[in-house]
Amino acid sequence: MQQLSRPARRGFLVVHVAVSVGWFGLTLGLLTLSITGYTTRSPEMAEIAYRAMKIFGDWLVVPIALASLLSGLVLSLGTRWGLARHRWVYTKFWLTLVTVLLSVFSLRPGINHLAAEAAAGTPVPDINLVVAPSVATATYLFITAVSVLKPWGLTKRGSRLRGTQPAGARDVRAVRSS
């Protein structure tokens, strides 16, 4: 893929950070509501919590998760970082893909099930809907740390690609990074 221009890269970076922070906040909201529904002794409060989770799940989870995945993919493919050159980018991609899939195929159906039970007047607390947002929150914190720290160096592919670059290109990159 062709490298993004500076304005395009900055625009995608703003979008990526905004939707990723939004996804993190959404997950914290879901965690708060799931803990409320799980720990309350009030069926009415549990119903409200699960119905609110359904609104988040129906309208926000999938679009925000996909926007985070796609904007990150565009950034990785359209910048010098590449998708498979650096271990930290590769790790972020796979963790994001897994969390998107779990959000779509596990979290949303679980929320829908609990909301349906709540609407029928028989909300049964489910620890899985406390665990899922907890794990997601920890994953997003880890992904954020990886984004900031950029650990682990190059992948084998990245090392191979760096070895095939002309010496001048490597020198320019070394000067930029220092």
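The residue numbering used here restarts from 1 in each chain and proceeds along that chain's sequence as written. For this predicted model, a pLDDT threshold of at least 70 governs which residues receive local features, and a threshold of 80 or more governs which side-chain atom pairs are given and counted, while totals over whole chains, interfaces and linings are taken from all residues. With hydrogens and water set aside, each side-chain value is computed from the structure's full complement of heavy atoms.

**Student:** Which parts of the structure should I look at to understand helix α4 (residues 128–149)?
**Tutor:** Since the α-helix packs 3.6 residues into each turn, any two residues three or four apart lie on the same face. Where helices and strands are cited, they refer to DSSP runs of H or I of at least four residues and of E of at least two residues respectively, numbered from the N terminus. Helix span, as expected, comes to 1.5 Å for every residue beyond the first. For α4, with 22 residues, the first-to-last C-alpha span of 31 Å sits near the 32 Å given by 1.5 Å per residue. Considered for burial, the residues of α4 that qualify are Leu129, Val130, Pro133, Ala136, Thr137, Thr139, Tyr140, Ile143, Val146 and Ser147. Remark: Lys150 follows α4 within two positions and exhibits a positive phi of approximately 50°. Here the term buried applies to any residue with accessible area under 20% of the maximum for its type, exposed to any over 50%, and partly exposed to those in between, with areas from a 1.4 Å probe on protein chains only.

**Student:** What exactly am I supposed to notice about a nonpolar patch on the surface here?
**Tutor:** Together, Tyr38, Ile127, Val131 and Val135 make up an exposed nonpolar region whose accessible area comes to about 330 Å². Here Ile127 is to be found in the loop between α3 (87–119) and α4. On the basis of relative accessibility, which here comes to 40%, the residue Ile127 falls in the partly exposed class. Put simply, a patch holds well-exposed residues, over 30% relative accessible area, that have no salt bridge, with like charges counted together within 9 Å and Val, Leu, Ile, Met, Phe, Trp or Tyr side chains within 5 Å. To be clear on the numbers: accessible area is Shrake-Rupley with a 1.4 Å probe, and residue cover counts the displayed protein chains and nothing else. What makes a salt bridge here is a side-chain nitrogen of Lys or Arg within 4 Å of a carboxyl oxygen of Asp or Glu, nothing more.

**Student:** Help me understand the packing of helix α1 (residues 6–39) against α3, please; the structure alone is not making it clear to me.
**Tutor:** The relative placement of two packed helices is expressed as an angle between their axes plus a distance between the axes. At their nearest, the axes of α1 and α3 sit 14 Å apart, and the two run at 40° to each other. With respect to α3, the axis of α1 lies oblique. At the point where α1 passes α3, the crossing takes the left-handed sense. Residues His16, Trp23 and Leu30 of α1 form the contact with α3, whose own contacting residues are Lys92, Thr96, Thr99, Val100, Ser103, Leu107 and Ile111. We call Asp, Glu, Lys and Arg charged. Ala, Val, Leu, Ile, Met, Phe, Trp, Tyr, Cys and Pro are nonpolar, and the rest, Gly among them, are polar. Of the residues belonging to the contact of α1 with α3, the class tally is five nonpolar, four polar and one charged. Comment: axis = line fitted to C-alpha atoms, over the contacting stretch for helices; angle = value between 0 and 180 degrees taken between N-to-C directions. Should an angle fall under 35 degrees it is taken as roughly parallel, and over 145 as roughly antiparallel, whereas 65 to 115 is taken as roughly perpendicular and any remaining angle as oblique. Two helices cross in a left-handed way if the nearer one is turned anticlockwise from the farther one by less than a right angle. They cross in a right-handed way if the turn is clockwise. In this analysis, two residues are considered to be in contact whenever any of their non-hydrogen atoms come within 4.5 Å of each other.

**Student:** Sorry, what's going on with the nonpolar core here?
**Tutor:** Inside soluble globular proteins, nonpolar side chains tend to come together where they are buried. Nonpolar cores were defined as sets of buried Ala, Val, Leu, Ile, Met, Phe, Trp, Tyr and Cys residues, with membership established by side-chain atoms within 4.5 Å. Grouped together as the largest cluster of nonpolar side chains are 21 residues, with contacts concentrated most on Trp23, Leu30, Tyr50, Met53, Ile111 and Leu129. For this core, the elements supplying multiple residues, two or more each, are α1, α2 (43–77), α3 and α4. The biggest single contributor to this core is α2, with eight residues.

**Student:** Would you mind showing me how to read the packing of aromatic side chains here?
**Tutor:** A ring pair, where both rings are aromatic, is described by two values, the distance of the centres and the angle of the planes. Two rings from Phe, Tyr or Trp (for Trp, the six-membered ring) form a pair when their centres are within 6.5 Å of each other. A pair whose planes differ by under 30 degrees is stacked, one over 60 is edge-to-face, and the rest are tilted. Taken as a whole and assessed by the stated rule, the structure comprises five aromatic pairs. With a centroid separation of 5.2 Å and an interplanar angle of 75°, the aromatic rings of Trp81 and Trp88 are classed as edge-to-face. Residue Trp81 is classed as partly exposed on the basis of its relative accessible area, which comes to 24%. Given a relative accessible area of 7%, Trp88 falls into the buried group. An angle of 75° between the planes, with centres 5.1 Å apart, marks the rings of Phe93 and Trp94 as edge-to-face. Aromatic ring contacts, followed pair by pair, group Tyr90, Phe93 and Trp94 into a single cluster.

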